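This is what each chain is made of:
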Amino acid sequence: MADQKTLILVKPDGVARGLVGEVIARIERKGYRLEALELTTLERATAEEHYAEHTDKPFFGELVEFITSGPLVAMCVSGEDAITGMRTLMGATNPLEATPGSIRGDFATIIGENIVHGSDSPESAARELGIFFPGRF
Ligand code: IDP
Ligand code: MG
């Protein structure tokens with residue numbers, strides 16, 4: 001058990017569909033805390049840095065296109081085992097496999113537009129929080 005901080009994004013599809021409040025409500029209801037929150041539209045270079053691990057994937061181009069297509073909400077979320085806990089709250093990457101009751105299971109149908117991002121490890125969380133909230137966490 002550990003108090004952790006993680007980067008959560010409500011991606012442009014979630015913002016466009018008016019799901020920001022819904023996602024935040026689930027995070028708060030679960031018992032996690034908001035440490036920082038910002039509405040922002042990513043520059044291409046920032047998006048490429050954020051998704052650097054996927055540079056060689058065939059879907060990298062559309063991924064960067066999509067994440068820069070409109071405003072997103074970036075948050076630092078904290079709590080006990082918040083990194084893994086938020087991944088559970090989000091559901092599987094592919095909404096087809098995401099359990100009903102999870103954010104992706106309840107609100108998404110396709111993998112490219114799956115509403116939320118959450119860091120997948122302490123190393124990713126530190127790196128990603130440094131991109132979105134430099135010098136703060
Ligand atoms: P994650 O968001 O659950 O951590 P990752 O494997 O890190 O999943 O992929 C990053 C994002 O890239 C996913 O959330 C999804 O939107 C998109 N993605 C992943 N795999 C595919 C794919 O095969 N086709 C299109 N988009 C994908
Ligand atoms: Mg990931």
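Here goes a summary of the coordinates provided. What you see is a predicted model; the values in this text were computed from it and never measured.

With respect to the nonpolar core
Thinking step 1. One finds Ile8, Val23, Ile27, Met75, Val77, Met86 and Ile115 to be the most contacted residues of the largest nonpolar core, which totals 20 residues.
Thinking step 2. Of all the secondary-structure elements, those providing two or more residues to this core are strand E1 (3-10), helix H2 (20-30), strand E3 (72-80), helix H5 (82-90) and helix H6 (103-107).
Thinking step 3. Residues in contact with isoleucine 27, not counting those within four places in the same chain, are Ile8, Tyr32, Met75, Val77, Met86 and Leu89.
Thinking step 4. Residues Phe60, Leu63, Val64 and Ile67 belong to the second largest nonpolar core, which totals 17 residues.

Topic: the side chain of serine 119
Thinking step 1. Positionally, serine 119 belongs in the loop between strand E4 (116-118) and helix H7 (122-132).
Thinking step 2. A relative accessible area of 1% means that serine 119 is categorised as buried.
Thinking step 3. Among the polar contacts made by the side chain of serine 119, one reaches the main-chain amide nitrogen of leucine 7 at a distance of 3.1 Å.
Thinking step 4. Side-chain polar atoms of serine 119 contact the side chain of glutamate 128, separated by 2.6 Å.
Thinking step 5. The contact partners of serine 119, leaving out residues within four places of it in the chain, are Thr6, Leu7, Ile83, Arg87, Ser124, Ala125 and Glu128.

Each value, and the rule that gives it
Residues numbered from 1 in each chain as written. Chains lettered and ligands numbered in written order. Predicted model: local features only at pLDDT ≥ 70, side-chain atom pairs only at ≥ 80, totals over all residues. Heavy atoms only, no water. Core = buried A, V, L, I, M, F, W, Y, C linked by side-chain atoms within 4.5 Å. Buried < 20%, exposed > 50% of the residue type's maximum accessible area, 1.4 Å probe, protein only. Helix = DSSP H or I, 4+ residues; strand = E, 2+ residues; numbered from the N terminus. Contact = heavy atoms within 4.5 Å. Polar contact = N/O pair within 3.5 Å; in protein donor to acceptor, adjacent residues only side chain to side chain.

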